[in-house]
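# Summary of structural features
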Amino acid sequence: MHYYAQTNIQLFNQLRREGYSHPDLSCIFKTYQLTMRLFTGSFRASGKTFIAHLVGTASILVSLHLPANVVAASLLHAAYVNGDFGDGRKGISQSKRQQVRDVVGEEIEGYVARYTSMQWNEQTIPDICDRLNSLDAIDRDVLLIRLANELEEYLDLGIIYCGDVKYQRYINHSGHLIVKMAEKLGFPSLALELERAFNETADAELPQEIRNQSGYNSSYTLVPNSYRIRPSVALLKWLFVKLNYWRSAIAYRLGNWRSGRDIRTQAEIQ
């Protein structure tokens, strides 16, 4: 079992121990500065800071000795979905892409853009696994970032702390296929870590008192009392939270309906 960085200092020390060069360190340091600007005040549904999640994802890739540009991209992998560019809008745009390029360059930004465009759900995971050998080098690296993200979500039972809705959405993922992808990419240690994290999560029980009580079923932003979000931005954020809640709730109910249908089908067969 590995212990992964959760702070910038832990990550930089890990990079030094792993022998990353001074230009590599400079690249990742510069990327972290942008990460701070985009994710300050952002939290996961579990209450964990978003920056800690991004650092943890990068740390997993460092443990696999991935190139610095891939590690740097992992620090920004959620930039276009959850990063705060000041306009209150979610999703990728040319304006946002240019802002990221101006700091980290075209190569790293290209990884982030491809990560954003990679659809990842119960329907697409089997297809990605089936055509993995046909992916180009960049998409294979992007998939590694996605697998590191999955592992980081489950570490320390983090996905359970997020609450029932997000837990149900993630636990329905095809874990065995995710493990298989890590193996096919040539990273057996990552496959083992994923399998262990999935199994621990499936077997764990947490008191309701320490699970998500915030009412948020996805990432959210908290600002100090001395700061105020512009009304137009606040409205957009509120609409996004509501939309994401209903999407998660529908996925949760659909998962329960499918489980009930499968049980009824098995009973009829027997």
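Preceding this section is the structure that the text describes.
Predicted model only: the values in this text are computed from it and were never measured.

Before going further, it helps to spend a moment on the overall build of the protein chain. Scanning the protein chain from terminus to terminus reveals 14 helices and two strands. Each of the 270 residues in the protein chain was classed as buried or not, and the buried ones make up 47%. In the protein chain, once contacts between residues fewer than 6 apart in sequence are set aside, the share between residues at least 24 apart is 73%. Accessible surface, the protein chain: about 14,100 Å² in total, of which carbon and sulfur atoms supply 53%.

Within the largest apolar cluster, 73 residues are counted, with the highest numbers of intra-cluster contacts made by L11, I28, L61, L143, L147, M181 and L190. Contacts of I28, omitting those with residues within four sequence positions, involve L11, F12, L15, A68, V71, A72 and L75.

In terms of residue burial, helix 4 (residues 68-75) counts as a mostly covered element, since eight of its eight residues are buried. On its buried face, helix 4 sits against helix 1 (8-17), helix 2 (22-39), helix 3 (50-63), helix 7 (106-117) and helix 9 (137-154).

Even without being glycine, H65 reaches a positive phi, approximately 65 degrees. Among the structural elements, H65 can be located in the loop between helix 3 and helix 4. Of the residues examined, H65 reaches a relative accessible area of 54% and is grouped as exposed.

Rules of the game
Residues numbered from 1 in each chain as written. Predicted model: local features only at pLDDT ≥ 70, side-chain atom pairs only at ≥ 80, totals over all residues. Heavy atoms only, no water. Helix = DSSP H or I, 4+ residues; strand = E, 2+ residues; numbered from the N terminus. Buried < 20%, exposed > 50% of the residue type's maximum accessible area, 1.4 Å probe, protein only. Contact = heavy atoms within 4.5 Å. Areas by Shrake-Rupley, 256 points an atom, 1.4 Å probe, with all protein chains shown as cover. Core = buried A, V, L, I, M, F, W, Y, C linked by side-chain atoms within 4.5 Å.

Treat this as a map of the structure, not an account of what it does.
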